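Observations on chain architecture
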Amino acid sequence: MLQFTIDESRCTRCHACANDCPIKIIHLKDGWPTIPEHKQASCFKCFHCLAVCPTAALSILGKHPDECHSLRGALPSAAQLETLLKGRRSVRRYRAENLDRETIDRLLGAAWHGASGHNARQVRLTVVDDRDALQRLRGDVLARIAELVRNRALPEGLESFSTFVRAWERNGEDIIFRGAPHLLIASADERCATPQTDCVIALAGFELLAQSMGIGTLWNGLAKWSLERFMPELPDRLGVPKDHRIGYVMSFGRPAVIYHRTAPHRPEIVRAGY
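To start, this report covers the structure provided alongside it. All values derive from a computational prediction rather than experimental measurement.

1. Describing the overall build of the protein chain
Helices and strands together make up the secondary structure of the protein chain, namely nine helices and eight strands. Viewed in the frame of its principal axes, the protein chain has a C-alpha envelope of about 75 × 45 × 40 Å. Expressed as a percentage of the 274 residues in the protein chain, the buried residues total 38%. Taken as a whole, the protein chain presents about 16,400 Å² of accessible surface, with 51% of it coming from carbon and sulfur.

2. Regarding the environment of threonine 103
Looking at where threonine 103 falls in the secondary structure, it is placed in helix H4 (residues 101-111). Residues threonine 103 and isoleucine 60, spaced 43 residues apart in sequence, show a C-alpha to C-alpha distance of 29 Å. Those residues within four positions of threonine 103 in sequence are excluded, and the remaining contacts are Met213 and Ile215.

3. Some words on the sheet that holds strand E6 (residues 182-189)
Ordered in space as E5-E6-E8-E7, the four strands form an open sheet in which the pairing is antiparallel. A strand with exactly one partner marks an edge of an open sheet, and here the two such strands are strand E5 (123-128) and strand E7 (216-219). Put simply, the sheet's adjacent strands are angled 25° from each other on average, direction ignored. By the bridge criterion, eight bridges tie E6 to strand E8 (residues 244-253) in an arrangement that is antiparallel.

4. Remarks on helix H8 (residues 221-230)
Of all the residues in H8, the buried ones are Gly221, Ala223, Lys224, Ser226, Leu227 and Phe230. Looking at the buried residues of H8, the elements they touch are helix H5 (131-150), helix H6 (161-171), E6, E7, helix H9 (234-238) and E8.

5. Some remarks on H6
Residues Phe161, Ser162, Phe164, Val165 and Ala167 constitute the buried set of H6. Against H5 and H8 lie the buried residues of H6. With its phi angle positive at about 70°, glycine 172 sits one or two positions after the end of H6.

6. Focus: the pairing of E8
A large share of E8 lies buried, amounting to eight of its ten residues. Examined bridge by bridge, E7 and E8 share four bridges and lie antiparallel to one another. By the bridge assignment for E8, leucine 218 is matched with serine 251.

7. A short note on the packing of aromatic side chains
The way to describe two aromatic rings as a pair is by their centre distance and the angle between their planes. As enumerated under the stated definition, the model contains five aromatic pairs in all. Three or more aromatic residues joined by ring pairs form one cluster here, namely Phe161, Phe164, Trp225 and Phe230. Above the ring of tryptophan 32, the side-chain terminus of arginine 13 is found at 4.4 Å from the ring centroid. The ring of tryptophan 112 carries the charged tip of arginine 121 above its face, separated from the ring centre by 4.7 Å.

8. A word on the packing of H5 against H6
The relative placement of two packed helices is expressed as an angle between their axes plus a distance between the axes. In the contact formed by H5 and H6, the axes pass within 9 Å of each other and the chain directions differ by 120°. The pairing of H5 with H6 is recorded here as oblique in orientation. As H5 packs across H6, the resulting crossing turns out to be left-handed. Residues Arg138, Leu142, Ile145, Ala146 and Val149 of H5 form the contact with H6, whose own contacting residues are Phe161, Ser162, Val165, Trp168 and Glu169. Looking at side-chain class alone, the contact of H5 with H6 contains seven nonpolar, one polar and two charged residues.

Definitions and limits used
- Residues numbered from 1 in each chain as written.
- Predicted model: local features only at pLDDT ≥ 70, side-chain atom pairs only at ≥ 80, totals over all residues.
- Heavy atoms only, no water.
- Helix = DSSP H or I, 4+ residues; strand = E, 2+ residues; numbered from the N terminus.
- Buried < 20%, exposed > 50% of the residue type's maximum accessible area, 1.4 Å probe, protein only.
- Areas by Shrake-Rupley, 256 points an atom, 1.4 Å probe, with all protein chains shown as cover.
- Contact = heavy atoms within 4.5 Å.
- Pairing = 2+ DSSP bridges.
- Axes fitted to C-alpha atoms, helices over the stretch in contact; angles between N-to-C directions.
- Phe/Tyr/Trp six-rings, centres within 6.5 Å; stacked < 30°, edge-to-face > 60°.
- Lys NZ or Arg CZ within 6 Å of the ring centre and 35° of its normal.
- Parallel < 35°, antiparallel > 145°, perpendicular 65-115°, else oblique.
- Left-handed = near helix turned anticlockwise from the far one by under 90°.
- Nonpolar A, V, L, I, M, F, W, Y, C, P; charged D, E, K, R; others polar.

Read these as geometric descriptors, not functional statements.
This is the structure:
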């Protein structure tokens, strides 16, 4: 059951919920919104109806509007958001310290609110939340790559990873994980409509909130390749379901570098027309 309820003392019968329902299952009975029982299975739990109600009169799936954050006066200005988008940086230098659990949970919770195909909401966010654990993972990955280098068995196209091993063994330079204390793996069920896209959207949201909080992030393709090509057993060890596709991997933590301005990238590439 959807637990679709209307507080008639608040409802103005503006019909915004019915008008905005993506699949048009909200009907009007004597002017009051309702969802017929035979339509309830079609609901894909987007919460548009709860969010669009101007008087907080509508509850659904056990969620009450008074439990939600009001958007009025709480959104960043266009200029602030534009600066955040233009000012985000790929951070490759990190402090040797963990983020607190509350901060990590806040970032993960916001990331999970990202859009997903058909509102499937099947993105799984697997996080290495401890610096010592990530150091052990780094050691395992580099040991495996070193073994492949010795046996001349690096996959074609990934020969450059041999230089990453040498940099670590000679100088202690961590080119793959960049010394970050944390790693985030976004994966989704292969059967979802858009598993890879859903993961990238979730990580994009994670990154923007993280950088607004002074936390550095890195879209880490080297780590993704390491997990998929060199140690395919690692995702399972970390708790990634076997039927999930890894969308992408992100390193994050407190940065050991401060950027003071946006970068003057080349002009945008725009093509207008039909």
